[in-house]
Amino acid sequence: MVLVLFGTELSPGVRAVLLTLRALELDHEFFPVDLFAGEHLEPYFVRKNPQRTVPVLQDNEACIWDSHAIMGYLVGKYAFTDALYPRDPLKRALVDQRLHFDSGILFVLFKQLQHLIFQEQVAELPKPLIEQVHKAYELLEQFLDGRNYMAGQLVTIADFSIAATLSTLHLSYAPVDAVGYPKLSEWLARISGLPYYEQANLRGARQMAELVRTKLPKQFDKLWLKAFEDIKSGAGRQPLK
Ligand SMILES: N[C@@H](CCC(=O)N[C@@H](CS)C(=O)NCC(=O)O)C(=O)O
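Residues numbered from 1 in each chain as written. Predicted model: local features only at pLDDT ≥ 70, side-chain atom pairs only at ≥ 80, totals over all residues. Heavy atoms only, no water.

Caption draft 1: Spatial organisation of the overall build of the protein. For the protein, the helix and strand inventory stands at nine helices and four strands. Going from N to C terminus, the protein has its helices and strands arranged as β-α-β-α-β-β-α-α-α-α-α-α-α. In terms of overall dimensions, the protein is globule-like: its C-alpha atoms have a radius of gyration of 17 Å, near the 18 Å expected for 241 residues. Taken along the three principal axes of its C-alpha coordinates, the protein extends 50 × 45 × 30 Å. Considering the protein as a whole, with its 241 residues, one finds that 51% of them fall into the buried category. The long-range share in the protein, meaning contacts at least 24 apart out of those at least 6 apart in sequence, stands at 69%. For the protein, the computed accessible surface area is about 11700 Å², with 56% contributed by carbon and sulfur atoms. (Helix = DSSP H or I, 4+ residues; strand = E, 2+ residues; numbered from the N terminus. Rg over C-alpha atoms; globule rule 2.2 N^0.38 Å. Buried < 20%, exposed > 50% of the residue type's maximum accessible area, 1.4 Å probe, protein only. Contact = heavy atoms within 4.5 Å. Areas by Shrake-Rupley, 256 points an atom, 1.4 Å probe, with all protein chains shown as cover.)

What follows is the structure in structure tokens.
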């Protein structure tokens, strides 16, 4: 088996897949694709994924894209247990709902913000969009009612997916304030305690935040700086339950 992940650590979807690969302790190669240089438009990449998005996972001859599909595939094919993506229909439905929430709402907000800042060169954070991000945070806060993780008491791929996007929004655009979102911020701290979190997710999320910072230097208030420093130093982290 040769698993090759194509992408960039700047991408939340790529990092969600990296979290899954690390959780399953799967050997893999990483093939960098620079989106800013347009490498995802090159013929070799378009042959792998006509949609021209990262991540793409190549497993021998097969190419799979969309981070959510890749994560489910990895668990189905390589995991010893179904804990990360339960087979029980009701448990799976809950995980799927969270994955679709990431795909259809959270990540879309991130992508809209990225487009405005990097393509449209907008120099200020668009307030209506940031309000929508906070509406999404409110829903996530409700999802965590009575749960340690997004879909229950155990980590699933829904946590990886949402953690990758949310940590990026948190560091780049809309800090998750512990007062406003106590459960969400505890969950983020809990996920940050995973031994592979720093390498698989935080490093890339920070790099993205640094890039956004160069585009919006005036936007970064004390709250953002605190979020950035906290996550850098590990302050507020809790042991993994
Ligand atoms: N739902 C997809 C989203 C993939 C996606 O939009 N990835 C971005 C990077 S974060 C990308 O490849 N953008 C390049 C483009 O859209 O041209 C997934 O989870 O894999």
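There is more to say, and it comes next.
Caption draft 2: Representation of the domain arrangement of the protein. Once the domains are mapped, the protein shows domain 1 (3-78) and domain 2 (89-233). At the interface, 15 residues of domain 1 touch 24 residues of domain 2. Three residues, Arg15, Leu19 and His68, lead the burial of domain 1 against domain 2; their summed loss comes to 35% of the area buried on that side. Seen at the junction of domain 1 and domain 2, the total is one salt bridge. Across the salt bridge formed by Glu9 and Arg203, the nearest N and O atoms sit 2.7 Å from each other. Inspection of the region where domain 1 meets domain 2 yields seven residue pairs in polar contact (both at pLDDT 80 or more). It is helix 1 (residues 12-23) that contributes the most residues to the side of domain 1 that touches domain 2, eight residues altogether. Of the residues belonging to the side of domain 1 that touches domain 2, the class tally is nine nonpolar, three polar and three charged. (Domains from an automatic or database assignment. Buried area = accessible area lost by both parts, 1.4 Å probe. Salt bridge = Lys/Arg side-chain N within 4 Å of Asp/Glu carboxyl O. Polar contact = N/O pair within 3.5 Å; in protein donor to acceptor, adjacent residues only side chain to side chain. Nonpolar A, V, L, I, M, F, W, Y, C, P; charged D, E, K, R; others polar.)

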